[in-house]
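Results of the structural survey
This is what each chain is made of:
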Amino acid sequence: MQVKIEKLDHYGRGITKIENKICFVEGALKDEVVEIEVIKEKKKYYLATTKKVIEKSKDRITSNCPYYARCGGCNLDHISFEKEQEFKEEKVKEIMTKFAKISNDKIKPIIYDNPYHYRNKITLHKDDKKIGLYEKESNTIIPITKCLLLNDKLNEILKSIKPSNKKDIILKIGNKTDEILSPTAKKNYITSYIGNKKYKVSEKSFFQVNSIITEKLYDEIKEIIQEKNSKNVLDLYCGTGTIGIYICESVNKVLGIESCKDAVDDANYNKELNNATNCTYKLGKVENLTKEITSEYDTAIIDPPRSGLDKKVIKKLLEIKPKTLIYVSCDPVTLARDLNLLKEKYNIEYIRPYNMFPRTYHVECCTLLSLKK
Ligand SMILES: C[S@@+](CC[C@H](N)C(=O)[O-])C[C@H]1O[C@@H](n2cnc3c(N)ncnc32)[C@H](O)[C@@H]1O
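Keep in mind the model is a prediction, meaning the values are calculated, not measured.

1. Notes on the overall build of the protein
Scanning the protein from N- to C-terminus turns up 7 helices and 20 strands. Over its C-alpha trace the protein gives a radius of gyration of 22 Å, about what one expects of a compact globule, namely 21 Å for 373 residues. In terms of principal-axis extent, the alpha carbons of the protein reach across some 65 × 55 × 35 Å. For the protein, buried positions account for 54% of its 373 residues. Looking at the protein alone, contacts between residues at least 24 apart form 60% of all its contacts between residues at least 6 apart. Surface exposure of the protein reaches about 18200 Å², of which carbon and sulfur atoms provide 48%. Charge centroids of the protein, computed over 68 positive and 54 negative side chains, lie 3 Å from each other.

2. A word on the packing of helix 1 (residues 81-100) against helix 7 (residues 332-342)
At a closest axis distance of 9 Å, the pairing of helix 1 and helix 7 adopts a crossing angle of 35 degrees. When you trace helix 1 past helix 7, the crossing you get is right-handed. On helix 7, the residues touching K91, I95, M96, F99 and A100 of helix 1 are P332, V333, L335, A336, L339 and N340. Tallied by class, residues from the contact of helix 1 with helix 7 come to 9 nonpolar, 1 polar and 1 charged.

3. Re the environment of F81
Here F81 is to be found in helix 1. F81 gets classed as buried once you look at its relative accessible area, which sits at 18%. With 22 residues separating them in the primary sequence, F81 and D59 have C-alpha atoms 8.9 Å apart. Apart from residues no more than four positions distant in its own chain, F81 is found in contact with Y112, D113, N114, P115, N355, P358 and R359.

4. Some details on the pattern of salt bridges
This structure, assessed with the given rule, holds 29 salt bridges. Linking D9 and R13 is a salt bridge whose minimum nitrogen-to-oxygen distance equals 2.8 Å. Pair check on accessibility: D9 and R13 agree, each one buried. Across the pair D31 and K30 runs a salt bridge, and its minimum N-O distance is 3.6 Å. D31 gets classed as partly exposed once you look at its relative accessible area, which sits at 43%. Salt bridges sharing partners connect three or more residues here, namely K58, D59, K83 and E86.

5. Re the sheet that holds strand 8 (residues 131-134)
Strand order in the open sheet made by the 5 strands is 9-8-7-10-11, with antiparallel pairing throughout. Single-partner strands in this sheet number two, and they are strand 9 (141-143) and strand 11 (180-181). As defined by bridge partners, strand 7 (residues 121-126) adjoins strand 8 across 2 bridges and the pair is classed as antiparallel. Bridging from a neighbouring strand, H125 pairs with G132 of strand 8. Relative to the sheet, helix 2 (residues 152-159) contacts strand 7, strand 10 (168-173) and strand 11, its axis offset from that of strand 10 by approximately 145 degrees.

Reading the values: the criteria
Residues numbered from 1 in each chain as written. Predicted model: local features only at pLDDT ≥ 70, side-chain atom pairs only at ≥ 80, totals over all residues. Heavy atoms only, no water. Helix = DSSP H or I, 4+ residues; strand = E, 2+ residues; numbered from the N terminus. Rg over C-alpha atoms; globule rule 2.2 N^0.38 Å. Buried < 20%, exposed > 50% of the residue type's maximum accessible area, 1.4 Å probe, protein only. Contact = heavy atoms within 4.5 Å. Areas by Shrake-Rupley, 256 points an atom, 1.4 Å probe, with all protein chains shown as cover. Lys, Arg positive; Asp, Glu negative; His and termini not counted. Charge placed at Lys NZ, Arg CZ, Asp CG, Glu CD. Axes fitted to C-alpha atoms, helices over the stretch in contact; angles between N-to-C directions. Left-handed = near helix turned anticlockwise from the far one by under 90°. Nonpolar A, V, L, I, M, F, W, Y, C, P; charged D, E, K, R; others polar. Salt bridge = Lys/Arg side-chain N within 4 Å of Asp/Glu carboxyl O. Pairing = 2+ DSSP bridges.

By themselves, these are just geometric observations and shouldn't be taken as functional.
The structure is reproduced here in structure tokens:
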């Protein structure tokens, strides 16, 4: 069956209609005419794949990845990198309008850097015979010997990785130090840099995967902190203490809250490593430690997982009313949901998308909110 693609959805799939029912087409671009194969029919929509491109978009490129057609690791490697930026800006604009009634003029231009070799971490899955990445929408493993998104040195290690007892195999590399965390490494942590700050990162601790974009993001947060003259700062969902330590010289004190024990241990270590004597860390879920979120804090940096903020956390922030909120998010949908509630007492100054995960449909956003007068 031949169809014309009307636009892209937020996962980078083409959208068309078959007899008035919506159809999502994997691998097709806006304005293209493509031959499709319907792979699933649901009550409200079809899922299809592109069999052949009949009329090709000017934005289409050929992926250099041998696994691209099957692997679930990335989804936009058939789109020019320039178009990818536009796609992500538009995606953020659409989601913000739809779910939070935030106008397009609040969305700043996206920040981006290299399209490939940016990842400082990979999680490989394994079954009885194979080690690799999951196939699109499944738990079937595709053995890989190289990933275009991955740091070159980790790709070298990938070639020789041997099965181990662990379910998932995690490889990490330290920015600047080139320290490697792997199943055969002697140490179970790496040291990595962001700007001139040094961080210990253990296997289970979160650390942003794209060091170049992370530095740009943290520089923006530091600029905001200085411009707003922040004094007492909450670093909620602080991981290994990265953001608080990055900005701590500009403020009186930082309190970080984080639920992963290893990450809090790393944060305490990183505090010493960077002589960040004004930083303190508490272990626990932010929603269970709301008593720590008091009105002495004039600024809250909030960097939750994809699920966004628990209602209890939003309620507490609206109660203690820090002058400035800096909300870092890796999911624009949950961000929009939370901003819609925070808007009651805060002005959204701007939202800046960051292309933290090039060639995938994911996008990071940094939002600046100021307490209404
Ligand atoms: C997106 S990461 C941000 C980490 C850190 N700010 C950074 O940039 O490296 C989110 C962090 O929140 C932690 N986390 C998840 N749910 C949490 C919760 N309910 N309360 C506190 N921390 C949580 C995770 O362990 C993870 O370290």
